[in-house]
Amino acid sequence: MPLTLQLKRHVPAEPARVWRAWTDADELARWYWPASFATACRVDLRPGGLFRIASAAAGTAVSGEFAAVEAPGRLVHTWRWDGEDAETLVTVEFLAGADGGTDVVVTHERFTDPGGSANHAQGWNDCLARLVAYDFSAA
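What counts, and at which threshold
Residues numbered from 1 in each chain as written. Predicted model: local features only at pLDDT ≥ 70, side-chain atom pairs only at ≥ 80, totals over all residues. Heavy atoms only, no water. Disulfide = S-S within 2.5 Å. Helix = DSSP H or I, 4+ residues; strand = E, 2+ residues; numbered from the N terminus. Buried < 20%, exposed > 50% of the residue type's maximum accessible area, 1.4 Å probe, protein only. Salt bridge = Lys/Arg side-chain N within 4 Å of Asp/Glu carboxyl O. Expected span 1.5 Å × (residues − 1). Contact = heavy atoms within 4.5 Å. Polar contact = N/O pair within 3.5 Å; in protein donor to acceptor, adjacent residues only side chain to side chain. Pairing = 2+ DSSP bridges.

Turning our attention to the state of the cysteines. Within this structure, the stated rule accounts for zero disulfides. Free cysteine Cys 41: the closest other cysteine sulfur is in Cys 127, separated by 10 Å.

This is the structure in C-alpha cells:
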C-alpha cells in the first residue's frame, strides 16, 4: 500500500509571494537546500514542464514533471532522485492565512516503504523551516 506524508507550515508572506519563491529558479535555489549545497535550479513552469534541483557540492539532484500549475494556489509534480527508479508525487498548496501570510501544505505520496516516507518527512521539515525563515523582501 503506498504511503503518504503531509506537512503544513505558516509562512509570513502572501500566497503570490510564496508561490514566486517556490517557482522562480533563482529564488528556489536560495532557500530550498542548505546554502552549503550551492544549489542550482531549473524550472519550466507549465503542465508538462520539467524542473531540476541539483547540488554538485552534495552530489545529489532531484527532478520531475509538472502535472498542475495553478498560480498562486497549487502545484503538482512528480519527484525522482537521480540514480533511483522510484517516482513519487508532490502537491504543494499555498493557502491564504488570516494574517496575510500563507499556509503551505506539502503532500508527498506514492512511497512504497516507510523508510522512504520518513526520510522525506525529515527533508521536507528542514526545507520548510528554511522557507519560513526566508527573507521575502530580498528578491
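Secondary-structure assignment places Thr 107 in strand β7 (residues 102-111). Thr 107 sits in the buried class, given a relative accessible area of 12%.

Our focus in this paragraph is helix α1 (residues 15-23). Along α1, seven of the nine residues are buried, which leaves the element largely enclosed by surrounding structure. If you check which residues of α1 are buried, you get Pro 15, Arg 17, Val 18, Trp 19, Ala 21, Trp 22 and Thr 23.

Before going further, it helps to spend a moment on the pattern of salt bridges. Following the criterion strictly, the structure yields six salt bridges and no others. The partner of Glu 27 in a salt bridge is Arg 20, and the shortest N-O contact between them spans 3.2 Å. For Arg 20, a relative accessible area of 38% gives the class partly exposed. Linking Asp 82 and Arg 52 is a salt bridge whose minimum nitrogen-to-oxygen distance equals 2.6 Å. Placement of the pair is Asp 82 in the loop between β5 (74-81) and β6 (88-96) and Arg 52 in strand β3 (residues 50-55), with a sequence separation of 30 residues. Look at the salt bridges and you will find they share partners, linking Arg 17, Arg 20 and Glu 27 into a network.

Below, the discussion takes up helix α3 (residues 114-133). Between its first and last C-alpha atoms α3 spans 29 Å; for 20 residues at 1.5 Å apiece the expected length is 28 Å, and the two agree. Check the buried side of α3 and you find it contacts β1 (3-11), α1, α2 (25-31), β5, β6 and β7. Between the side-chain oxygen at the start of α3 and the backbone nitrogen of Gly 115 there is a gap of 3.0 Å, and the oxygen is on Asp 113.

What follows covers the pairing of β7. Among the 10 residues of β7, eight are classified as buried, and the element is accordingly described as predominantly covered. Two elements, β6 and β7, share eight bridges in a ladder whose sense is antiparallel. Bridged to Glu 93 within β7 is Val 105.

Bringing the side chain of Thr 102 into the picture now. Here Thr 102 lies in strand β7. Within the structure, the side chain of Thr 102 is placed 3.5 Å from the backbone oxygen of Glu 14, a separation counted as a polar contact. Ignoring anything within four residues of it in the chain, the contact list for Thr 102 reads Arg 9, His 10, Val 11, Ala 13, Glu 14, Pro 15, Val 18, Phe 94, Leu 95 and Gly 97.

Another aspect to go through is unusual backbone geometry. Ala 71 connects to Pro 72 through a cis peptide bond whose omega is -10 degrees. Counting through the fold element by element, Pro 72 comes out in the loop between β4 (60-70) and β5. Despite not being glycine, Ala 38 has its phi angle at roughly 45 degrees, a positive value. Its place among the elements puts Ala 38 in the loop between α2 and β2 (40-43). The exposed category is assigned to Ala 38, whose relative accessible area is 58%. One non-glycine residue with positive phi stands out, namely Arg 110, at about 75 degrees. Topologically, Arg 110 is positioned in strand β7. Looking at Arg 110, the relative accessible area reads 46%, which means it is partly exposed.

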